[in-house]
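# Notes for the structure review
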Amino acid sequence: MAIELSKQDVDDIVNSLRKYCKEELELEISGMQAKFFLDYIMKEIAPFAYNKGIKDAEAYFQAKVEDLPGICFEEGMTYWHKKRK
């Protein structure tokens, strides 16, 4: 599944990349160069983070499903036990 960003997200990221390169690397890059760099990152690197997020979500939901009997259990036949107290 391809990771898609909104135009606003792309613009924000491009600006951030340009600022990072200027302040941290002392390198001025154009908006087009930053966009090409972002495209590279999205194709080559972002899938690792995406896949890790999917694995983490799967583990989280699997743990919740395994604990369903403990979370979603209600004792039956308790009316008279509560009534006596």
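These lines cover the structure that appears in this document, whether it is placed above or below. Here the structure is a predicted model, which is why all the values come from computation and not from measurement.

Reading guide: rules and limits
- Residues numbered from 1 in each chain as written.
- Predicted model: local features only at pLDDT ≥ 70, side-chain atom pairs only at ≥ 80, totals over all residues.
- Heavy atoms only, no water.
- Helix = DSSP H or I, 4+ residues; strand = E, 2+ residues; numbered from the N terminus.
- Rg over C-alpha atoms; globule rule 2.2 N^0.38 Å.
- Buried < 20%, exposed > 50% of the residue type's maximum accessible area, 1.4 Å probe, protein only.
- Areas by Shrake-Rupley, 256 points an atom, 1.4 Å probe, with all protein chains shown as cover.
- Patch = residues over 30% accessible without salt bridge, like charges linked within 9 Å, V, L, I, M, F, W, Y side chains within 5 Å.
- Salt bridge = Lys/Arg side-chain N within 4 Å of Asp/Glu carboxyl O.
- Phe/Tyr/Trp six-rings, centres within 6.5 Å; stacked < 30°, edge-to-face > 60°.
- Core = buried A, V, L, I, M, F, W, Y, C linked by side-chain atoms within 4.5 Å.
- Contact = heavy atoms within 4.5 Å.

The subject of this paragraph is the overall build of the protein. Within the protein, the secondary structure is distributed over five helices and zero strands. Going from the N terminus to the C terminus, the protein shows its helices and strands as α-α-α-α-α. Compactness check: the protein gives a C-alpha radius of gyration of 25 Å against a globular reference of 12 Å for 85 residues, more than 25% above the reference. Structurally, the protein occupies a C-alpha span of about 80 × 25 × 25 Å along its principal axes. Counting across all 85 residues of the protein, residues that qualify as buried make up 11%. Summing over all exposed atoms, the protein offers an accessible surface of approximately 7,900 Å²; the carbon and sulfur share of this is 59%.

What follows covers a nonpolar patch on the surface. On the surface, Tyr 20, Leu 25 and Leu 27 cluster together into a nonpolar patch covering about 310 Å² of accessible area. With respect to the helices, strands and loops of the structure, Leu 25 is situated in helix H1 (residues 7–25).

What follows is about the pattern of salt bridges. By the definition in use, this model includes four salt bridges. Among the salt bridges present, the one from Lys 7 reaches Asp 11, with a minimum N-O distance of 3.0 Å. Of this pair, Lys 7 and Asp 11 are both found in helix H1, four residues apart, which corresponds to roughly one turn of the helix. Where Lys 22 meets Glu 28, a salt bridge forms, and the shortest distance between an N and an O atom there is 3.8 Å.

This part is about the packing of aromatic side chains. On inspection of all chains with the given rule, the structure shows two aromatic pairs. Arranged with centres 5.2 Å apart and planes meeting at 80°, the rings of Tyr 60 and Phe 61 form a pair that is edge-to-face. Note on Tyr 60: relative accessible area 49%, which makes it partly exposed. Each ring, one from Tyr 79 and one from Trp 80, has its centre 4.8 Å from the other, and the planes form 85°; the classification is edge-to-face. With respect to burial, Tyr 79 and Trp 80 carry one shared label: exposed.

This part is about the nonpolar core. By size, the foremost hydrophobic cluster in this structure holds nine residues: Val 10, Val 14, Leu 17, Cys 21, Ile 29, Ala 34, Leu 38, Met 42 and Ala 46. Listed by contribution, the elements that provide at least two residues to this core are H1 and helix H2 (31–44). At four residues, the largest contribution of residues to this core is made by H1. If we ignore the near neighbours within four places in the chain, the residues touching Val 14 are Gly 31, Ala 34, Lys 35 and Leu 38.

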